[in-house]
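Chain and residue survey
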Amino acid sequence: MDPTIDTSAVTFNAIEKLVGAANYKRWQEAMKNALMQKGFWRLVTEEDKETHYANDLIKKEDFHKRRIQAMGYIYQNVTISIANRLKNLKATVPGTTTPNGTVTRPASTTPKITTPKELWDKLETDYDKTRAILAGANR
């Protein structure tokens, strides 16, 4: 291989984009392998956690950078419509009030998906037909 070619994106660019349940299993396996190859899979499984770096600010900063990269690689390998839908999911954060009813912090919304694990789990919930069939059988 030509040493002047950057191969860091080759693995992810070769993955078929997730379009939905029809190709989820193929996509899941290819994406998992690519994330493992690049050292990001432990962020998805949460074997690598922020608490591991509590006393080292440089490693903690690197952890956050890798977490953002992992999410970026996953988003890069789904269709734009799937990515936009996931990015627009919001979670409501309740406001706070004092005992006499004075609002100290109004309710707000935040992104619902903030970690690679949350993103991976949401895609699995939405598109894994096997999981949906098993869930229906257990009702």
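Residues numbered from 1 in each chain as written. Predicted model: local features only at pLDDT ≥ 70, side-chain atom pairs only at ≥ 80, totals over all residues. Heavy atoms only, no water.

**Considering the overall build of the chain**
To keep things clear, this is the line we draw: Under the DSSP-based scheme used, a helix requires at least four consecutive residues in state H or I and a strand at least two consecutive residues in state E, with every element numbered from the N terminus. Accessible area is worked out with a 1.4 Å probe on protein chains only. A residue is then buried under 20% of its type maximum, exposed over 50%, and partly exposed in between. Whether two residues are in contact is decided by their heavy atoms, any of which lying within 4.5 Å being enough. Note on areas: Shrake-Rupley with a 1.4 Å probe; residue coverage comes only from the protein chains shown.
The helix and strand inventory of the chain stands at seven helices and four strands. Listed N to C, the secondary structure of the chain is α-α-α-α-α-β-β-β-β-α-α in terms of helices and strands. The proportion of buried residues among the 139 residues of the chain is 29%. Across the chain, the fraction of contacts at a sequence separation of at least 24, relative to all contacts at a separation of at least 6, is 57%. Of the roughly 9200 Å² of accessible surface on the chain, 55% is carried by carbon and sulfur atoms.

**Some points on the environment of proline 94**
Turning to its location among the elements, proline 94 is positioned in the loop between strand S1 (90-93) and strand S2 (96-97). For proline 94, a relative accessible area of 56% puts it in the exposed group. Considered as a pair, proline 94 and proline 106 are 12 residues apart in the sequence and their alpha carbons are 7.3 Å apart. Once residues within four sequence positions are removed from consideration, proline 94 is found in contact with Arg105 and Ala107.

**Some words on the pattern of salt bridges**
Just so we agree on the cut-off: The salt bridge criterion pairs a side-chain nitrogen of Lys or Arg with a carboxyl oxygen of Asp or Glu, the two atoms within 4 Å.
Inspection of the entire model under this criterion finds nine salt bridges. Among the ionic pairs, aspartate 128 bridges to lysine 25, the shortest N-O distance being 3.4 Å. Of this pair, aspartate 128 sits in the loop between helix H6 (116-127) and helix H7 (129-137) while lysine 25 sits in helix H2 (residues 24-37), and the two are 103 residues apart along the sequence. Residue classification places lysine 25 among the partly exposed positions, given a relative accessible area of 43%. The residue glutamate 50 makes a salt bridge to lysine 60 at a minimum N-O spacing of 3.6 Å.

**Some points on the nonpolar core**
Quick reminder of the rule: Definition used in this section: a nonpolar core is a set of buried Ala, Val, Leu, Ile, Met, Phe, Trp, Tyr and Cys residues joined via side-chain atoms within 4.5 Å.
The biggest cluster of nonpolar side chains holds 28 residues, and the ones touching the most others in it are Trp27, Met31, Leu35, Ile74 and Leu123. Breaking this core down by element, the ones donating at least two residues are H2, helix H3 (41-44), helix H4 (57-76), helix H5 (80-87) and H6. When residues no more than four places from it in sequence are discounted, the contact partners of tryptophan 27 are Ile15, Glu16, Lys17, Leu18, Ile74, Asn77, Val78, Trp120 and Leu123.

**Details of the environment of asparagine 23**
Topologically, asparagine 23 is positioned in the loop between helix H1 (10-13) and H2. A relative accessible area of 1% places asparagine 23 in the buried class. Linking asparagine 23 and aspartate 128, residues 105 residues apart in sequence, is a C-alpha distance of 9.3 Å.

**As for the side chain of asparagine 77**
You can see asparagine 77 is positioned in the loop between H4 and H5. By relative accessible area, asparagine 77 is classed as buried at 2%.

**Brief notes about the confidence of the model for the chain**
Basically, it comes down to this: Known as pLDDT, the predictor's confidence for each residue is given on a scale from 0 to 100.
Summarising the model, the chain shows a mean pLDDT of 83, and 81% of its residues fall at 70 or more. At the low end of the mean pLDDT range in the chain sits H7, at 62; at the high end sits H3, at 96. Segment residues 1-7: pLDDT under 50, and two contacts once partners within four positions in sequence are set aside and those in other chains are kept.

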